[in-house]
Amino acid sequence: MPSRPTLAAVAAACGVSVATASRALRGIGEMSPDTRRRVAREAQRIGYDRARTARGRPGRRADTLLDLVLSHVDGAWADEVIAGARAESTRLGFDLVLTAEREDPDDDWPERLRARRPAAAILGLLQPTDRQLAAVSAVGIPVVLLDPRGEPRHPLPSVRSTDPTGVQDAARLLLDRGVHRILVVEGAPSYRFGRDRVTGFLGGLAAAGTIRAAVVPGAAGVPDGAGLPTVERVRASWGADQAREAARPALARAAADGVVVGVFACSDEMAVGVYRATADTGLVVGRDVLVVGFDDIPAAAWLSPPLTTVRQPIREMAAAAGGPPAAIVDATPASAGDSEFPTRLVRRGSA
C-alpha cells in the first residue's frame, strides 16, 4: 500500500525546510515567489493536501497550556524566569512549555506556538515584530511581555522592574565610599532596561552634584581634580568575558595611578567580568575596586567577596507574567499595561 504524501516529502523534493514548505502552502512568511510556486507544484504532483492532514486542520486551543518563549534558555536570568513561571503555572493548574527563540527564520517561535495553540504565551526578553504578533493573533493566542527589550509598539500587558530606583541608591553608595573614579559598564546592544539602569545610575550621581566629567565609550580617562570623581563609560555585550575586556584598560589606569574605582555593571554576569579584570590588573575587589551589579542572581552571594547588587525580583516577575494569561483563560478581562516591580540595593562585601 503506497504511503500517504507528506509535507516532509514536499520539502525534501524542493530543497527547503518543512517549516518553509508549510509557510509556502499557507501563503504566509517572507520568501521568493519562485519558492512558493515550486512548493505548490510539488505538493500537487505528489498529491499532498493540507486540508486532509491532521497538521493542516485548525487546531484546538490547549486551554491548560501556557507557553514561555525566551530569547535564550541558558544562564542565571533564564533559570530564575523558568523557576518562577513553572511554580506559578503549577499553582494555577497549567502545564508550562518552554520555547526558545531560534535564529532560523523558517523555524520561528510563532510557528511553533501556532502548532501547539496554547491558551496564552509569555514572551521573555523579546521584542516581537508586527509579523510575529500577527501570526499568533491570527489563531487567538494572547501574549504578555516579560522585561521587553524595547517599548512595545502595541498595547500589550507587560511585566518589568523599576530599573532606575535601585541604581540611584547604588550611585549614592559608591559616592559615600569616597571613590576617586567611577566606571560604568554598559550593555550592548543597548536594550530598554540597560538604558534605564545607566540613566538611573548617572541620575543618582548628578543628584549628588558630583559628576565632573562624562567620558564617551572607548575614550581615555579624565584626570582627577577638585576632589570630584570622574566618570568613564564603556560598553560590552552582556557576558562576563566581554565585560572583562572592556573594563580592564580603565582598571589598569587606576592601578597605575593608585586610586580607588567604583564600578557599576549593568548585570551581575558583567560584574563577574569586572571581578576578573580587577584580578588581571593586580587590584582587589572591595578594597581597590568597589563593584555593584544588577539582578541579584543566586551566584552573586557566592562570589568572593559577595557582590553588592541591585535586586530585581526575577522569579516574582515571571510569576506575575502568568497572571494576564490566566485571566484570559478564565474569561476575565486582562488589562493592557505595565506591572512594575521595585528594585532595591543589596549591600555585600564588594562595595
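Predicted model only: the values in this text are computed from it and were never measured.

1. A short note on the packing of aromatic side chains
Turning to step 1, where the next piece is worked out: Per the stated rule, a full pass over the model turns up four aromatic pairs.
Turning to step 2, where the next piece is worked out: Measuring from ring centre to ring centre gives 4.8 Å for Phe-201 and Phe-264, while their planes differ by 10°; the resulting arrangement is stacked. In this pair, Phe-201 sits in helix H8 (residues 192-207) while Phe-264 sits in strand S9 (residues 261-265), placing the two residues 63 residues apart along the sequence.
Turning to step 3, where the next piece is worked out: According to the relative accessible area criterion, Phe-264 is buried, its value standing at 0%.
Turning to step 4, where the next piece is worked out: Aromatic rings pair up to connect Tyr-191, Phe-193 and Trp-238 into one cluster.

2. Comments concerning the confidence of the model for the protein
Turning to step 1, where the next piece is worked out: Of the residues in the protein, 83% have a pLDDT of 70 or more, and the chain-wide mean is 84.
Turning to step 2, where the next piece is worked out: Across the protein, the element-wise mean pLDDT spans from 40 in strand S7 (residues 214-215) up to 98 in S9.
Turning to step 3, where the next piece is worked out: Within the model, the stretch residues 212-226 combines pLDDT values under 50 with 31 contacts to residues more than four positions away or in other chains.
Turning to step 4, where the next piece is worked out: When the criterion is pLDDT under 50, residues 330-336 qualifies, and its contacts beyond four places in sequence or with other chains add up to nine contacts.

3. Concerning the packing of helix H2 (residues 18-26) against helix H3 (residues 33-46)
Turning to step 1, where the next piece is worked out: Close contact between H2 and H3 brings their axes to 9 Å; oriented N to C, the two are set at 90°. Taken as axis vectors, H2 and H3 run roughly perpendicular relative to one another. Together, Thr-20, Ala-21, Arg-23, Ala-24 and Leu-25 of H2 and Thr-35, Arg-36, Val-39, Ala-40 and Ala-43 of H3 make up the contact between the two elements.
Turning to step 2, where the next piece is worked out: A per-class count over the contact of H2 with H3 returns six nonpolar, two polar and two charged.

4. Looking at unusual backbone geometry
Turning to step 1, where the next piece is worked out: The omega torsion of the bond from Ala-188 to Pro-189 falls at 5°, within 30 degrees of zero and hence cis.
Turning to step 2, where the next piece is worked out: Its place among the elements puts Pro-189 in the loop between strand S6 (181-187) and H8.
Turning to step 3, where the next piece is worked out: For the bond running from Ser-304 to Pro-305, omega is -5°, close enough to zero to count as cis.
Turning to step 4, where the next piece is worked out: With respect to the helices, strands and loops of the structure, Pro-305 is situated in the loop between strand S10 (289-295) and strand S11 (308-311).
Turning to step 5, where the next piece is worked out: Its identity is not glycine, yet Asp-296 carries a phi of approximately 65°, on the positive side.
Turning to step 6, where the next piece is worked out: Along the polypeptide, Asp-296 turns up in the loop between S10 and S11.

5. Regarding the pairing of strand S8 (residues 230-236)
Turning to step 1, where the next piece is worked out: Among the seven residues that make up S8, five are buried, leaving the element largely enclosed by the rest of the structure.
Turning to step 2, where the next piece is worked out: Of the strand pairs in this sheet, S6 and S8 are connected by seven bridges, and their pairing is parallel. Within the sheet, the bridge partner assigned to Gly-187 lies in S8 and is Ala-236.

What counts, and where the lines are drawn
- Per-chain numbering applies: the sequence of each chain, read as written, is numbered from 1 onward.
- Confidence filtering applies because this is a predicted model: local features only for residues at pLDDT of at least 70, side-chain atom pairs given and counted only at 80 or more, and all residues used for totals across whole chains, interfaces and linings.
- Derived side-chain values reflect all non-hydrogen atoms in the structure, with water molecules and hydrogen atoms excluded from consideration.
- Between the rings of Phe, Tyr and Trp (Trp by its six-membered ring), a pair exists once the centres lie within 6.5 Å; its type follows the angle of the planes, with under 30 degrees stacked, over 60 edge-to-face, and the other angles tilted.
- For the purposes of this entry, the term helix denotes a DSSP run of H or I that reaches at least four residues, the term strand denotes a run of E that reaches at least two, and both are numbered from the N terminus.
- The cut-offs for exposure are 20% and 50% of the maximum accessible area for each residue type, with area from a 1.4 Å probe on protein chains only; residues under the lower value are buried, those over the upper are exposed, and the others partly exposed.
- One number per residue, pLDDT, summarises how confident the predictor is, and it ranges from 0 to 100.
- Contacts: residue pairs with any heavy atoms within 4.5 Å of one another.
- Think of each axis as a best-fit line through the C-alpha atoms, taken over the contacting stretch in the case of a helix, with angles from 0 to 180 degrees between the N-to-C directions.
- Our angle categories are set so that under 35 degrees counts as roughly parallel, over 145 as roughly antiparallel, 65 to 115 as roughly perpendicular, and the remainder as oblique.
- In the scheme used here, Gly and all other residues not listed as nonpolar or charged are polar, with Ala, Val, Leu, Ile, Met, Phe, Trp, Tyr, Cys and Pro taken as nonpolar and Asp, Glu, Lys and Arg as charged.
- The rule for pairing is simple: two strands pair if DSSP sees at least two bridges between them.

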